Amino acid sequence: MLSNQSADPAKRTSLHGHWSSRMAFILAVTGSAVGLGNVWKFPYVTGQNGGGAFVLIYLACVAIIGMPVMMSEILMGRRGRRNPIATMKLLGAEEGKSTNWSLVGAMGIVAGVLILSYYSVVGGWTLFYVMKSAVGTFHAIGPGEITDIRNGFLGSWSMVGLFHTIFMALTIFVVARGVERGLEQAVRFMVPALLLLMIVLLGYAISSGHFDEGLAFMFRPDFDSLTWNSVLAAMGQAFFTLSIGMGAVMAYGAYLPEETSISGASAAVALSDTVIAILAGLVIFPLVFANDLDPADGPGLVFITLPLAFSQMAGGVFFSTVFFVLLTFAAWTSAISLMEPAVAWIVEKFNRTRAQAAVLIGLLIWATGFGTVLSFNVLANFRFWRGTIFDNLDHLTINIMLPLGGMLIVIFAGWVMCRNSTADELGGSGAVYRLWRFLARIVAPIGILFVFLKAVGLLPSLT
Ligand code: PHE
């Protein structure tokens with residue numbers, strides 16, 4: 001019999017153990033949130049979507065859609081104390097509603113597998129840059145040579161595949177060991193250190209002479225060039241960077257001690273995540289303009305601008321190695337959370353050990369990852385729908401599955417769960433609770449639906 005089968009939610013416990021403290025939980029969710037999404041993805045999607053207006057919409061999405069979704073996930077996870085599929089099934093039944101809500105959990109698990117399949121490829125890419133930095137390859141070279149290094153790496157499927165394999169092995173290793181050991185320590189050190197190095201890089205970007213241009217690109221909104229597809233991309237990015245919409249935060253919430261404030265923890269995570277993303281943009285864009293690079297260059301953008309900054313800096317070899325090590329850590333702590341829902345599900349449902357579940361799911365993700373590995377070389381010209389296999393996985397997961405999952409999650413917490421249950425988890429029905437409920441019931445679901453319909457052209461334009 002499961003230890004989490006008590007009828008009283010406050011007495012339920014998770015099979016997988018619990019975070020040792022409130023701080024541990026905040027660090028774990030921050031570790032999940034802060035990752036390649038902030039440093040790699042945010043600058044390049046901003047570049048591809050024209051800058052300032054995109055950034056503004058992204059910030060609005062974090063505040064009025066991201067926050068209520070994150071709070072909903074945590075409260076549901078803590079109440080159910082199981083993997084997302086079982087949690088939604090249990091809560092649906094407890095509220096006297098359908099148990100088919102478990103399908104939302106299932107979609108999240110699939111999204112996690114698909115996202116990690118390409119996330120790990122980029123994680124491997126950062127590992128390759130750790131190695132290149134450490135041996136001094138980036139010392140005193142120019143944009144042309146750095147572009148050649150990037151293209152040379154991406155052009156070789158065996159190299160990209162090798163580093164993807166190493167990254168997946170690292171991820172499986174930590175997940176197999178369980179959540180409490182290892183992970184907490186890593187984030188405790190990593191997030192502050194990453195922030196510090198970002199600030200060092202910011203100093204360099206300011207001295208590049210093109211800081212104003214970078215600043216203007218990020219913050220001067222040009223709404224004329226904004227399409228509904230870029231609004232969808234901004235919303236998708238908000239979901240991706242906060243790790244919401246696929247059950248990772250719900251799974252982490254299942255290990256959360258009873259007394260922790262959910263709104264406080266969510267605000268702390270959203271704030272640190274946003275600060276790191278904005279800093280990354282402020283570092284990258286001045287360097288893009290200083291070196292005549294193209295802000296819309298795509299997934300490889302930071303892998304050119306950052307080495308470039310380091311190549312000219314005093315102590316660059318050292319800083320660059322440290323930076324890519326930290327970025328690898330950031331990616332690693334996110335990768336773990338992408339696997340956690342699937343692993344928790346296998347452990348609970350099929351009575352397997354964590355190690356067995358981690359290896360099984362890990363191998364599946366590893367194999368799927370070759371779709372992305374090959375997208376940059378052998379299959380670069382194999383294009384359909386949105387482009388390469390990587391482009392399609394990216395669009396399907398980030399712009400469709402995460403917002404859709406998030407919409408169903410807030411609808412569940414806002415409409416399916418009764419007031420008593422949610423107020424119980426969110427610490428009473430004060431002003432914060434009322435704001436959450438209004439956002440979760442009305443603003444977030446309608447906002448997400450509206451952006452979806454607009455992006456696929458189903459709503460006529462009024463102008
Ligand atoms: N938030 C992570 C990042 O920004 C990615 C992620 C998405 C992690 C979804 C978990 C779940 O890199």
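Predicted, not measured: the structure shown is a model, and the values here were computed from it.

Reading the values: rules and limits
- In every chain, residue numbers begin from 1 and rise along the written sequence.
- For this predicted model, a pLDDT threshold of at least 70 governs which residues receive local features, and a threshold of 80 or more governs which side-chain atom pairs are given and counted, while totals over whole chains, interfaces and linings are taken from all residues.
- To get the side-chain values, take all heavy atoms of the structure and skip hydrogens and water.
- Secondary structure elements follow DSSP: runs of H or I of four or more residues count as helices, runs of E of two or more count as strands, with numbering from the N terminus.
- Atoms counted for the radius of gyration: C-alpha only. Globule rule: 2.2 Å times the number of residues to the power 0.38.
- Whether two residues are in contact is decided by their heavy atoms, any of which lying within 4.5 Å being enough.
- All tallies of charge rest on Lys and Arg as positive and Asp and Glu as negative; His and the ends of each chain are not included.
- Note that the charge is assigned to NZ on lysines, CZ on arginines, CG on aspartates and CD on glutamates.
- Working definition: with a 1.4 Å probe on protein chains only, accessible area under 20% of the residue-type maximum means buried, over 50% means exposed, and in between means partly exposed.
- Proximity is defined per residue: if any heavy atom of the residue lies within 4 Å of a molecule or strand, that residue is considered near it.
- Polar contact is defined as a pair of N or O atoms within 3.5 Å, subject to the rule that within protein one atom must be able to donate a hydrogen and the other to accept it, and that residues adjacent in sequence are counted only when both atoms are side-chain atoms.
- Surface accessibility follows the Shrake-Rupley procedure with a 1.4 Å probe radius. Residue values consider only the protein chains on display as shielding.
- Stacked, edge-to-face and tilted labels apply to pairs of Phe, Tyr and Trp rings (six-membered ring for Trp) whose centres lie within 6.5 Å, assigned for plane angles under 30 degrees, over 60, and everything in between, in that order.
- Distance and angle both matter: a charge sits over a ring if NZ of Lys or CZ of Arg is within 6 Å of the ring centre and within 35 degrees of the ring normal.
- In this description, a line fitted to the C-alpha atoms serves as the axis of each element, helices being fitted only across the stretch in contact, and the angle between N-to-C directions of two axes falls anywhere from 0 to 180 degrees.
- Roughly parallel covers angles under 35 degrees, roughly antiparallel covers those over 145, roughly perpendicular covers 65 to 115, and oblique covers all other angles.
- Crossing handedness: left-handed means the near helix sits turned counterclockwise from the far one by under a right angle, and right-handed means the same turn made clockwise.
- Three classes are used, and their members are as follows: Ala, Val, Leu, Ile, Met, Phe, Trp, Tyr, Cys and Pro are nonpolar, Asp, Glu, Lys and Arg are charged, and the others, Gly among them, are polar.
- Given a helix with a known number of residues, its expected span is that number minus one, times 1.5 Å.
- Bend, in this description, refers to the angle at a residue between axes fitted to the seven residues ending there and the seven starting there.
- Within this scheme, the nonpolar core is defined by two criteria: the residues are buried Ala, Val, Leu, Ile, Met, Phe, Trp, Tyr or Cys, and they are joined through side-chain atoms within 4.5 Å.
- Each reported salt bridge corresponds to a side-chain nitrogen of Lys or Arg within 4 Å of a carboxyl oxygen of Asp or Glu.

(A) Just the overall build of the chain, in detail. Helix and strand counts for the chain come out as 18 helices and 0 strands. Over its C-alpha trace the chain gives a radius of gyration of 21 Å, about what one expects of a compact globule, namely 23 Å for 463 residues. Reported as C-alpha extents along the three principal axes, the dimensions of the chain are approximately 65 × 55 × 40 Å. When contacts within the chain are restricted to residue pairs at least 6 apart in sequence, those whose partners lie at least 24 apart make up 81%. Put simply, the chain has 26 plus and 24 minus side-chain charges, and the middle of one group is 11 Å from the middle of the other.

(B) Expanded view of the side chain of threonine 388. Within the secondary structure layout, threonine 388 lies in the loop between helix 15 (354–375) and helix 16 (389–416). The exposure class assigned to threonine 388 is buried, which follows from its relative accessible area of 5%. Discounting chain neighbours no more than four positions away, the residues touching threonine 388 are Ser375, Ala380, Phe382 and Arg383.

(C) Region of interest: the site of the ligand. Around the ligand, a shell composed of 14 residues is seen, among which Ala33, Gly37, Tyr119, Phe240 and Ser243 lie nearest. Threonine 241 is positioned such that a nitrogen or oxygen atom in its backbone is 3.2 Å from a nitrogen atom of the ligand. The side chain of serine 243 places a nitrogen or oxygen atom 2.9 Å from a nitrogen atom of the ligand. In isolation the ligand has 330 Å² of accessible area, and contact with the protein removes 100% of it. Listed by contribution, the elements that provide at least two residues to the shell around the ligand are helix 1 (22–33), helix 2 (36–48), helix 10 (228–241) and helix 14 (316–350).

(D) Main features of the packing of aromatic side chains. Counted under the stated rule, the structure contains 30 aromatic pairs. Here phenylalanine 128 and tyrosine 129 contribute two aromatic rings whose centre-to-centre distance is 5.9 Å and whose plane-to-plane angle is 65 degrees, an arrangement assigned as edge-to-face. Centre to centre, the rings of phenylalanine 128 and phenylalanine 163 are 5.5 Å apart; their planes meet at 75 degrees, and the pair counts as edge-to-face. Of this pair, phenylalanine 128 sits in helix 5 (residues 102–134) while phenylalanine 163 sits in helix 7 (residues 157–177), and the two are 35 residues apart along the sequence. A cation sits over an aromatic face here: arginine 441 above tryptophan 415, 3.7 Å from the ring centre.

(E) Geometry of the packing of helix 14 against helix 15. Two numbers describe how helix 14 lies on helix 15: the axes approach to 9 Å, and their chain directions differ by 130 degrees. One finds that helix 14 runs oblique with respect to helix 15. For the pair helix 14 and helix 15, the sense of crossing is right-handed. Of helix 15, the residues touching helix 14 (which contributes Met339, Glu340, Ala342, Val343, Ile346 and Val347) are Arg354, Ala357, Ala358, Leu360, Ile361, Gly362 and Ile365. Here the contact of helix 14 with helix 15 is composed, by residue class, of 10 nonpolar, 1 polar and 2 charged.

(F) Molecular detail of the side chain of threonine 260. Assignment of secondary structure puts threonine 260 in the loop between helix 11 (248–253) and helix 12 (262–290). Beyond its immediate sequence surroundings of up to four residues, threonine 260 is in contact with Arg22 and Arg78.

(G) Representation of helix 14. End to end, helix 14 covers 50 Å across 35 residues, agreeing with the expected 51 Å (1.5 Å per residue, within 8%). Along helix 14, the sharpest kink reaches roughly 40 degrees, centred on glutamate 340 and followed within four residues by the proline proline 341. Of all the 35 residues making up helix 14, 26 are buried; the element is thus mostly covered by neighbouring parts of the structure. Of the residues flanking the end of helix 14, it is asparagine 351, one or two places downstream, whose phi is positive at about 60 degrees.

(H) The environment of leucine 15, seen in detail. Mapped onto the secondary structure, leucine 15 falls in the segment before helix 1. Under the relative-accessibility criterion, leucine 15 is labelled partly exposed at 38%. Residues leucine 15 and alanine 344, 329 residues apart in the sequence, show an inter-C-alpha distance of 8.9 Å.

(I) The arrangement of the nonpolar core in detail. Counting 167 residues, the largest nonpolar core has Met76, Tyr119, Leu306, Phe323, Phe324 and Met339 as the members making the most contacts within it. Counting residues per element, this core draws most heavily on helix 5, at 17 residues. Setting aside chain neighbours within four positions, we find methionine 339 in contact with Leu116, Met168, Thr171, Ile172, Val175, Ala358, Ile361, Gly362 and Ile365.

(J) Molecular detail of the pattern of salt bridges. Tallied over the entire structure, the rule returns 8 salt bridges. Residue arginine 150 pairs with aspartate 297 through a salt bridge whose shortest N-O separation is 2.7 Å. Of this pair, arginine 150 sits in helix 6 (residues 143–155) while aspartate 297 sits in the loop between helix 12 and helix 13 (302–312), and the two are 147 residues apart along the sequence. Residue arginine 150 is classed as buried on the basis of its relative accessible area of 10%. What emerges from the salt-bridge pattern is a single network uniting Arg78, Arg79, Asp424 and Glu425.

(K) Highlighting the packing of helix 2 against helix 3 (residues 52–80). Where helix 2 meets helix 3, the axes come as close as 8 Å, and the angle between the chain directions of the two elements is 130 degrees. Classified by the interaxial angle, the pair formed by helix 2 and helix 3 is oblique. Handedness of the crossing formed by helix 2 with helix 3: right-handed. Of the residues in helix 3, those touching helix 2 at Phe42, Val45 and Thr46 are Phe54, Val55 and Tyr58.

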